[in-house]
Amino acid sequence: MRPVAAEVEDPRQRVRGGERESFPPPGAGGDRLRSRVRSGRWRSNLRRSSGLYLLALPGVLFFLLFKYVPMWGVLIAFQNYSPYTGMLDSPWVGLDHFRRFFSNPDFLLLFRNTLGINLLSLIFFFPLPLLLSLLLNEVRHTAYKRLVQSVIYMPHFLSWVIIAGLTFLLFGKAEGLVNLLLEAAGRPKLDVLTNPDTFWLMITLQSMWKEAGWGTIIFLAAMAGADPQVYEAARMDGAGRFRQMWHVTLPAIRSVFVILLILRLGDIMDVGFEQIFLMYNGAVSHVAEVFDTYVYRTGIQQGEFSYSTAAGLFKSLVGLVLVLLANRAAKKFGEDGVF
């Protein structure tokens, strides 16, 4: 029998998508042919995935119009901007507004309050959706599980105005429901709304109640993607529910947890403006003033547009640096990171 000759692999060929593609030899002519091949492949991909690109188009336009186009406005942080002269005729002052902001006694106060509220949120609020997701994932009664999910999702759809109103109705010193019940029971009233010692905790608890349920959606979706065969193998090895959760579920969603943590670190200088502004009062002003409310007061109320833009730009740069550092650390420990 005639032996079958072994197929010699051509280095100018490679397999892509199950099909063997040929590449022209190097040189000027080869570069042109290679460019045509890439261009044709790009058009082919565009035609094949046109539906997906069309689906993503509204989101891309939203970010371009409302996130990227307004970025050029940060240039007024380096000017003495006046609405009467416009950006083109306003004088450039370099980093003067940044020096004034960093030398302002309010800077350390703003930095402390913003960082303090966000650290409390990072410690208590950020792990809560993961904990709720793990508990919901173990519920086997479908109707009960959906009922619990609906109940914990609902606060997300309430505005901060309603959340603040409910807080005042519950914890108002004179006519709050909680204090009326405490008074009827002969117990001392709680001073929640005007107590500087508990203001950060109150803000954190409000955020937990409003957003913890909504945050479980991403974790539950990640848990649904875990391989059922791994659970089956764990059960055959005698693993109980807790060991399955620890050795199968948590490793399956580890990458999602890392990505959400990186994104959360990027918002470490952001505190919900509406929430703080609605709960703000004179008794807690020294613990409630954060970068967002400061930018509003100096920029909108006092008309210092360039100075407030410098403060906002500093806040954004800190978030960007933290995201880059966290992403690099995640990759160093073997995770995918955000980019």
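If you're wondering where the values come from, they're calculated on a predicted model, not measured in any experiment.

**Let's talk about the overall build of the chain**
When helices and strands are tallied, the chain shows 17 helices and two strands. Expected size for 339 residues packed as a compact globule is a radius of gyration near 20 Å; at 28 Å, the chain overshoots this value by more than 25%. Projected onto its principal axes, the C-alpha positions of the chain cover 105 × 70 × 35 Å. Within the chain, contacts between residues separated by at least 24 positions form 62% of all contacts whose residues are at least 6 apart in sequence. Carbon and sulfur atoms provide 66% of the accessible area of the chain, an area that totals close to 22,000 Å². Distance between charge centroids for the chain: 8 Å, based on 34 positive and 26 negative side chains.

**What about the domain arrangement of the chain?**
If you check the domain split of the chain, you get domain 1 (40–76) and domain 2 (106–158 + 197–331). Spacing between the C-alpha centres of domain 1 and domain 2 amounts to 27 Å.

**Topic: the environment of L64**
In this fold, L64 is placed in helix α2 (residues 50–68). Sequence-wise, L64 and P129 are 65 residues apart; in three dimensions their C-alpha atoms are separated by 31 Å. Residues within four places of L64 in sequence aside, it is in contact with V69 and P70.

**Digging into the nonpolar core**
If you look at the biggest cluster of nonpolar residues, it comprises 14 residues, and the most contacted ones within it are I117, F199, M202, I203, I276 and M279. For this core, the elements supplying multiple residues, two or more each, are α10 (199–224), α14 (273–279) and α15 (285–288). Of the residues forming this core, the biggest block, three residues, is contributed by α10. In this view, M279 contacts A164, T167, F168, L193, F199, M202, I203, Q206 and V284; residues no more than four positions away in its chain are not counted. Counting residues in hydrophobic clusters, the runner-up holds twelve residues, among them L130, F219, M245 and I253.

**Let's talk about the environment of D31**
By secondary structure assignment, the location of D31 is in helix α1 (residues 28–48). A C-alpha to C-alpha distance of 46 Å links D31 and F314, two positions 283 residues apart in sequence.

**Structural notes on the UniProt feature "domain: ABC transmembrane type-1" (unreviewed entry) in the chain**
Per the UniProt annotation, the sites labelled "domain: ABC transmembrane type-1" (unreviewed entry) are residues 111–326. Counted over residues 111–326, helix gives 75% and strand 0%. Its end C-alpha atoms are 20 Å apart.

**Examining the confidence of the model for the chain**
Chain-level statistics for the chain give a pLDDT mean of 86 and a share of 91% at 70 or above. By mean pLDDT, strand β1 (residues 13–16) is the weakest element of the chain at 53, and helix α8 (residues 160–171) is the strongest at 94. The model gives residues 1–8 a pLDDT under 50, and that stretch makes zero contacts with residues more than four places away or in other chains.

**Some points on the UniProt feature "transmembrane region" (unreviewed entry) in the chain**
With numbering aligned to this structure, UniProt lists the feature "transmembrane region" (unreviewed entry) at residues 51–78, 115–136, 157–178, 198–224, 245–263 and 305–326. Taken end to end, residues 198–224 comprises 96% helix and 0% strand; its first and last C-alpha atoms sit 38 Å apart.

**With respect to the pattern of salt bridges**
Any two side chains of opposite charge can pair, so long as their charged atoms come close to each other. Following the criterion strictly, the structure yields nine salt bridges and no others. Measuring nitrogen to oxygen at the nearest pair gives 2.7 Å for the salt bridge that ties E138 to R241. Placement of E138 in the loop between α6 (127–137) and α7 (142–153) and of R241 in helix α12 (residues 241–252) is noted, with a sequence separation of 103 residues between them. Between E183 and K189 there is a salt bridge, with the nearest N and O atoms lying 3.9 Å from each other.

**Brief notes about the side chain of T204**
Note that T204 resides in helix α10. If we ignore the near neighbours within four places in the chain, the residues touching T204 are I117, L120, S121 and F124.

**Comments concerning the side chain of T309**
Residue position: T309 is located in helix α17 (residues 305–332). Owing to a relative accessible area of 19%, T309 belongs among the buried residues under this scheme. What T309 contacts, discounting residues up to four positions off in sequence, is G73, V74, I76 and A77.

**Some words on the packing of α8 against helix α9 (residues 177–184)**
Where α8 meets α9, the axes come as close as 3 Å, and the angle between the chain directions of the two elements is 10 degrees. Overall, the two elements α8 and α9 adopt an arrangement that is roughly parallel. Contacts from L169, L170 and F171 in α8 reach L177, V178 and N179 in α9. Taken together, the residues that form the contact of α8 with α9 break down as five nonpolar, one polar and no charged.

**Remarks on the packing of α7 against α10**
Interhelical geometry of α7 versus α10 gives an angle of 130 degrees and a closest axis separation of 7 Å. Taken together, the axes of α7 and α10 are oblique relative to one another. Residues Q149, I152 and Y153 of α7 pack against G213, W214, T216, I217 and L220 of α10. A breakdown of the residues in the contact of α7 with α10 according to their chemical character gives five nonpolar, three polar and no charged.

**Things to note about the packing of aromatic side chains**
When we look at a pair of aromatic rings, we describe it by the centre distance and by the angle of the planes. Taken as a whole and judged by the stated rule, the model has 25 aromatic pairs. Considering the side-chain rings of F78 and F98, the 5.5 Å spacing of their centres and the 35 degrees angle between planes classify their relative orientation as tilted. Of this pair, F78 sits in the loop between α2 and α3 (86–89) while F98 sits in helix α4 (residues 96–103); the two residues are 20 residues apart in sequence, bridging distant segments of the chain. Here F78 falls in the partly exposed class, since its relative accessible area comes to 25%. Residues F101 and Y307 carry aromatic rings whose centres are separated by 6.0 Å and whose planes lie at 75 degrees to one another, so their mutual orientation is edge-to-face. Pair noted here: F101 is in helix α4 and Y307 is in helix α17, with a separation of 206 residues, a long-range link. A relative accessible area of 2% places Y307 in the buried class. The ring of W160 carries the charged tip of K210 above its face, separated from the ring centre by 5.2 Å. Against the face of Y280 rests R297, its NZ or CZ located 4.3 Å from the ring centre.

What counts, and at which threshold
- Residues numbered from 1 in each chain as written.
- Predicted model: local features only at pLDDT ≥ 70, side-chain atom pairs only at ≥ 80, totals over all residues.
- Heavy atoms only, no water.
- Helix = DSSP H or I, 4+ residues; strand = E, 2+ residues; numbered from the N terminus.
- Rg over C-alpha atoms; globule rule 2.2 N^0.38 Å.
- Contact = heavy atoms within 4.5 Å.
- Areas by Shrake-Rupley, 256 points an atom, 1.4 Å probe, with all protein chains shown as cover.
- Lys, Arg positive; Asp, Glu negative; His and termini not counted.
- Charge placed at Lys NZ, Arg CZ, Asp CG, Glu CD.
- Domains from an automatic or database assignment.
- Core = buried A, V, L, I, M, F, W, Y, C linked by side-chain atoms within 4.5 Å.
- Buried < 20%, exposed > 50% of the residue type's maximum accessible area, 1.4 Å probe, protein only.
- UniProt positions renumbered as here; feature names shortened; annotations may be inferred.
- pLDDT = per-residue confidence, 0-100.
- Salt bridge = Lys/Arg side-chain N within 4 Å of Asp/Glu carboxyl O.
- Axes fitted to C-alpha atoms, helices over the stretch in contact; angles between N-to-C directions.
- Parallel < 35°, antiparallel > 145°, perpendicular 65-115°, else oblique.
- Nonpolar A, V, L, I, M, F, W, Y, C, P; charged D, E, K, R; others polar.
- Phe/Tyr/Trp six-rings, centres within 6.5 Å; stacked < 30°, edge-to-face > 60°.
- Lys NZ or Arg CZ within 6 Å of the ring centre and 35° of its normal.

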